[in-house]
Amino acid sequence: MVSLNTLCIIITLTLAASCTLVSALSTRREVLGSAVRSATAAGSGVLVSSSLPSSLPIANADDDTSSAFSSYQINPDASSKLDPKLTSIDPNKLTQILSKTSGNQGGAVWLGEHHNSVKDHKLQAQFIQNIYQHRKQQQKFGSSSKSDNKMAVGLEMIQVQFQPVLDRYIAKQISDEELKEQVQWEKRWFWSFDGYLPIFQKCRELNIPLIALNVDSEDLGLVEANGLPGLSRDKLQKYVPDPNGFAQFARNRYYKTYVDYVISPSYELHKEMGILRTTITGQLLEEDMSFARFFSGRILWDETMASNAYRWVVDNPGGLICCLVGADHVKFTGGITGRFQRMAKEQQLDCTSVILNPTLIDTRPSGSVSMLSNVAALASGPNDLTLQLRYLKEGVAVGSEESRLPESTGGVLALADYLVLST
């Protein structure tokens, strides 16, 4: 069993190792610039972009009248060509895949959203209903008897302390407005309740349990102020029931690439926005939150959501949990999805990631793409989406001549399993 002190030491060492590139540069802005340059420099091997079909439909963020969609499977490529492709997939086929009825082992589907997108929420409601109906039909015809159509919807936007509230809502003991008040929506989540309400109502109509996934903000605030040692052993065990796996995950070679590309730029963007002087609970800090504490809060967030989803699937053999979480937690494996895969490996549970209406901003380091550039990319077609990240073999230094060689590739991280675009 890994002790709390050992766990903190491992995270510190991981930070040092994963930020080798950071230590070689004088400012975090230079780190971000380096990440962007590596996306366009031929042969850099850190990032891989792919040209997509020119006929790929483009989501219009301002048009929320339709829930029709086109869907695509990402086919990553770790060969010397490093040329990932998109394959069009029939929406009905995608629903069948996401329903997890073929093997009866159950698992998790992660629907990566943009919290303020009505289109994304419409797609989520549509997927939930279609998956539910497909699983119900399969059970009726005897091809999914093990699952007994067990299904739940996991919610990033609800903290674990409010699980009893969600249970009362599904049992029709409280109203929509009481749900909003009792989960303290306005205090703990900053996006429109009305955008999610049709999803909640659909789950209540179909009697699909809602599962709180997120860390209680009081505890996340303690970590942001004091690091993981700010939590008691009992609290840490509550959120990290698998400390050995938690520690091992941070040692993965690919995880260092993920941190450099996703988490470090996110920290820099938060810092530039001037929002690192307070914790999530509003506690005023004497100086900007350190990267180590920002990192600790982020991985606790991801680990907790993965753990709560995994716990539900284990408690409901053959069941499927569809989780509504931010796209940033889904992309490139290093967030929730890789952690769930780690936990579910022994039981061979499915884990499928979907990003809804992806944009250029979703696939590049935080702060490296302006809103104007993002709009221009959407107008011309999503040809610049980064479909995978390349990571290096052990012992190969980032930025070295050796790192540019094809044989130095350790593997690739796909943006997601599937992309879905509203039409």
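To be clear, the structure that these remarks concern was listed above.
Residues numbered from 1 in each chain as written. Predicted model: local features only at pLDDT ≥ 70, side-chain atom pairs only at ≥ 80, totals over all residues. Heavy atoms only, no water.

Digging into the overall build of the chain
- Across its full length, the chain carries 18 helices and 11 strands.
- Across the 423 residues in the chain, those meeting the buried criterion constitute 56%.
- Taking the intrachain contacts of the chain between residues at least 6 apart in sequence as the baseline, contacts between residues at least 24 apart amount to 75%.
- Summing over all exposed atoms, the chain offers an accessible surface of approximately 18,200 Å²; the carbon and sulfur share of this is 50%. (Helix = DSSP H or I, 4+ residues; strand = E, 2+ residues; numbered from the N terminus. Buried < 20%, exposed > 50% of the residue type's maximum accessible area, 1.4 Å probe, protein only. Contact = heavy atoms within 4.5 Å. Areas by Shrake-Rupley, 256 points an atom, 1.4 Å probe, with all protein chains shown as cover.)

Here's the deal with the pattern of salt bridges
- Throughout the structure, instances matching the rule amount to 14 salt bridges.
- The residue R188 makes a salt bridge to E218 at a minimum N-O spacing of 2.6 Å. One end of the pair, R188, is in helix 8 (residues 185-188); the other, E218, is in helix 10 (residues 217-226), and 30 residues separate them in sequence.
- The buried category is assigned to R188, whose relative accessible area is 11%.
- Judged by its relative accessible area of 37%, E218 is partly exposed. (Salt bridge = Lys/Arg side-chain N within 4 Å of Asp/Glu carboxyl O.)

Concerning the packing of helix 10 against helix 14 (residues 291-315)
- Relative to each other, helix 10 and helix 14 sit at 150°, their axes nearing to 7 Å. The angle between the axes of helix 10 and helix 14 places the two elements in the roughly antiparallel class. The handedness of the crossing between helix 10 and helix 14 comes out as right-handed. Across the interface between the two elements, L220, V223, E224, A225 and N226 of helix 10 pack against R293, S296, G297, L300 and W301 of helix 14.
- Considered class by class, the residues forming the contact of helix 10 with helix 14 number five nonpolar, three polar and two charged. (Axes fitted to C-alpha atoms, helices over the stretch in contact; angles between N-to-C directions. Parallel < 35°, antiparallel > 145°, perpendicular 65-115°, else oblique. Left-handed = near helix turned anticlockwise from the far one by under 90°. Nonpolar A, V, L, I, M, F, W, Y, C, P; charged D, E, K, R; others polar.)

A closer look at the pairing of strand 8 (residues 350-356)
- For strand 8, a buried count of six out of seven residues is recorded, marking the element as mostly surrounded by other parts of the structure.
- Pairing between strand 8 and strand 11 (residues 418-422): three bridges, direction parallel. Within strand 11, the residue paired with I355 across the bridge is L419. (Pairing = 2+ DSSP bridges.)

Looking at the sheet that holds strand 2 (residues 69-75)
- In space, the eight strands of this open sheet follow the order 3-2-11-8-4-7-5-6, with mixed pairing throughout. Only two strands of the sheet have a single neighbouring strand rather than two, namely strand 3 (85-89) and strand 6 (210-214). The sheet shows a mean angle of 30° between the axes of neighbouring strands, taken without regard to direction.
- Relative to strand 6, helix 14 is tilted by about 150°, and along the sheet it contacts strand 4 (107-113), strand 5 (151-159), strand 6 and strand 7 (320-326).

Re the side chain of Q159
- Position of Q159 among the secondary structure elements: in strand 5.
- Note on Q159: relative accessible area 7%, which makes it buried.
- Reaching out from Q159, the side chain makes a polar contact with the side chain of R188 at a distance of 2.7 Å.
- Not counting chain neighbours up to four residues away, the residues in contact with Q159 comprise R188, A212, N214, V215, D216, S217 and E218. (Polar contact = N/O pair within 3.5 Å; in protein donor to acceptor, adjacent residues only side chain to side chain.)

Considering helix 16 (residues 336-344)
- In terms of burial, helix 16 is largely enclosed, as eight of its nine residues are buried.
- Within helix 16 the residues assigned to the buried category are I336, T337, G338, R339, F340, R342, M343 and A344.

Considering the side chain of E113
- You can see E113 is positioned in strand 4.
- Salt bridges are absent for the buried E113, whose nearest opposite-charge side chain, R298, sits at 13 Å.
- In this structure, E113 is in contact with D120, H121, Q124, M157, Y196, L324, V325, G326 and A327, ignoring residues within four places of it in sequence. (Lys, Arg positive; Asp, Glu negative; His and termini not counted.)

A short note on the packing of aromatic side chains
- In the structure shown here, the tally under the stated rule is 17 aromatic pairs.
- Ring geometry for W185 versus F200: centroids 6.1 Å apart, planes at 75°, classification edge-to-face. Here F200 lies in helix 9 (residues 193-206) and W185 lies in helix 8, a separation of 15 residues in the sequence.
- Looking at W185, the relative accessible area reads 2%, which means it is buried. (Phe/Tyr/Trp six-rings, centres within 6.5 Å; stacked < 30°, edge-to-face > 60°.)

A few points about the nonpolar core
- Counting 66 residues, the largest nonpolar core has W110, Y255, I263, I321, F340 and L419 as its most contacted members.
- Residue contributions to this core peak at 12 residues, all from helix 14.
- What I321 contacts, discounting residues up to four positions off in sequence, is G107, A108, V109, A152, V153, G154, I211, A309, W312 and V313.
- Residues L98, F127, F200 and V420 belong to the second largest nonpolar core, which totals 44 residues. (Core = buried A, V, L, I, M, F, W, Y, C linked by side-chain atoms within 4.5 Å.)

Quick look at the environment of Q96
- For Q96, the location among the structural elements is in helix 4 (residues 91-99).
- For Q96, a relative accessible area of 40% puts it in the partly exposed group.
- Between the alpha carbons of Q96 and H134 there is a distance of 7.1 Å; along the sequence they are 38 residues apart.

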